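Architecture at a glance
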Amino acid sequence: MTVVERNLTQEEVDALPFELNLSDGHAFRPWTPAESEMLSGSARFFTESDRRGGQRAEAEYIRRYLALGAQSYLPGHFTGLMSYSASMAVEMVANLLRMRNLSAALIEPCFDNIADILKRHDVPLQPFPETAFTDGPAALERLLGTLTADVIFLVSPNNPTGTVVGEEAFNRVVEYCRTNGKLLVLDGCFRIYLSDDEVYDHYGILAASGIDCVVIEDTGKVWPAAELKAPFLSVSPNLVGAVSAMHSDFLLHLSPFTVRLITEFVNLAEADNGRYLRELVLKNRELFEKTVPTSFLSTDDTRKLGLAWLKVERDDLDGEDVRKLLAERGVQVLSGERFYWASPHLGRQHLRMALLRDPDVVVRAGQVIAGLAEELGDGRSRR
Ligand SMILES: *Cc1c(COP(=O)(O)O)cnc(C)c1O
């Protein structure tokens, strides 16, 4: 019998009906009072929708979204192409790479669908371990010295670890792409979670370098809009012809209702410069950590995202063992192996848990996990 391996999103779909579902990283947090009020009046966004104003509304949305993320808005350089999902943006990039016979160095770990989409288009892949960004400039130089791929594909901050490509490292990668004629793809879907002192101007640096690049943006991991979202690709001048022709095969334009709704969410976040968004995930993280003993699960991430990357601190249990034990007790999380698309064993001891939830759900899931830790007792005395 063939064992069909299920991907992470298939597991997330199965977990959707469960109350204590900490599986997917989408936004299922409560609305703020201001967001609730905006939503109550949102029927008029539907009746006011007008295709004739769609392009202007998209440009305004992109401008405000980038401003919230402290990015330069450079419509003379980057063309913004709206998408239904960030994965569809990745699909377009993968198509482009296949058509041009390009190979890619993809960050590891990362969410498995990025590697899967690229593989499905037969794009040859080389791992770009994120230790190149955490082990200092010499580690990055060593890695760049071994790169043979035509394209560098990064996710920053990265899902699941929250690892950030710092400004100095980003400048170095861009310079490397410029001198070696490489294309850069940057997935910036989690940028909003960076504080003022961590964020820097990706768009300004990329435009000044003149390299070929695509930046992928998303709102689905930030705003609870019942899966309505306004992702987009920012495409550099030389790639616009190829990418926009392909883009037009997929969609005419995004719903003006969605664009308006998400713009309103962005405007509300602008009022406090995104602080509420960052504080909510930090608060949920603290609630969780207060409940669960670190002798069972320890935090192994940068504490930046609405996701926790946890290490199972037991010799007798790996991440998948604990995932199953928790599923039996009604708590849905993901185990770590499939995030390491080239070297799965590196994720064996890990779990990924979503924090963008109602604080009550986070606390109750934490209590179940603490109960499991107690049930299991001391790791060394078991088995
Ligand atoms: C979730 C995610 C995506 C895919 O987003 P969808 O809009 O759900 O397709 C892409 N990139 C990263 C880094 C993600 O975390």
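Residues numbered from 1 in each chain as written. Predicted model: local features only at pLDDT ≥ 70, side-chain atom pairs only at ≥ 80, totals over all residues. Heavy atoms only, no water.

A count of helices and strands for the protein gives 15 helices and 13 strands. A globule of 383 residues ought to have a C-alpha radius of gyration of about 21 Å, and the protein, at 21 Å, matches this closely. Projected onto the principal axes, the alpha-carbon positions of the protein cover approximately 65 × 55 × 50 Å. In the protein, which comprises 383 residues, the share counted as buried stands at 55%. As displayed, the protein offers around 16600 Å² of accessible surface, 51% of which is attributable to carbon and sulfur atoms. Taking the 40 positively charged and 55 negatively charged side chains of the protein as two groups, their mean positions are separated by 1 Å. (Helix = DSSP H or I, 4+ residues; strand = E, 2+ residues; numbered from the N terminus. Rg over C-alpha atoms; globule rule 2.2 N^0.38 Å. Buried < 20%, exposed > 50% of the residue type's maximum accessible area, 1.4 Å probe, protein only. Areas by Shrake-Rupley, 256 points an atom, 1.4 Å probe, with all protein chains shown as cover. Lys, Arg positive; Asp, Glu negative; His and termini not counted. Charge placed at Lys NZ, Arg CZ, Asp CG, Glu CD.)

For the protein, the assigned domains read domain 1 (8-30 + 274-376) and domain 2 (41-270). For domain 1 and domain 2, the distance between their C-alpha centres works out to 26 Å. At the boundary of domain 1 with domain 2, total buried surface from both sides reaches about 2700 Å², with 61% on carbon and sulfur atoms. At the junction of domain 1 with domain 2, the criterion picks out one salt bridge. Measuring nitrogen to oxygen at the nearest pair gives 2.4 Å for the salt bridge that ties Glu198 to Lys304. (Domains from an automatic or database assignment. Buried area = accessible area lost by both parts, 1.4 Å probe. Salt bridge = Lys/Arg side-chain N within 4 Å of Asp/Glu carboxyl O.)

Let's shift gears to the site of the ligand. Close to the ligand lie His26, Ser85, Ala86, Ser87, Val155, Asn159, Asp187, Cys189, Phe190, Asp218, Lys221 and Lys229, which account for all nearby residues. Ser87 places a polar side-chain atom, nitrogen or oxygen, 2.4 Å from an oxygen atom of the ligand. Here Lys229 contributes a side-chain N or O atom positioned 3.0 Å from an oxygen atom of the ligand. Taken together, the residues that form the shell around the ligand break down as four nonpolar, four polar and four charged. (Near = heavy atom within 4 Å. Polar contact = N/O pair within 3.5 Å; in protein donor to acceptor, adjacent residues only side chain to side chain. Nonpolar A, V, L, I, M, F, W, Y, C, P; charged D, E, K, R; others polar.)

To continue, consider the sheet that holds strand E12 (residues 334-335). The pairing of strands in a sheet happens through backbone hydrogen bonds and is either parallel or antiparallel. Reading across from one edge, E9-E10-E13-E12 is the order of the four strands in this open sheet, with antiparallel pairing throughout. Pairing within the sheet leaves two strands with one partner each, and these edge strands are strand E9 (297-299) and E12. Pairing analysis gives five bridges linking strand E10 (residues 307-312) to strand E13 (residues 350-354), with the strands arranged antiparallel. Bridge pairing in E13 links Leu310 to Leu351. (Pairing = 2+ DSSP bridges.)

Moving on to the pairing of strand E7 (residues 213-217). Burial analysis of E7 places five of its five residues in the buried class, the great majority of the element. Side chains Cys213, Val215 and Glu217 of E7 all project onto a buried face; the interleaved residues Val214 and Ile216 project onto the opposite face, where all are buried too. Here strand E6 (residues 183-187) runs beside E7; their pairing, made up of four bridges, is parallel. From the neighbouring strand, Val185 faces E7, where its bridge partner is Val214. Remark: the E6/helix H10 (residues 202-209)/E7 crossover connection has right-handed handedness. Note that E7 and strand E8 (residues 232-235) share four bridges and pair antiparallel. Bridge pairing in E8 links Val215 to Ser234. (Right-handed = clockwise from strand over helix to strand, strands pointing away.)

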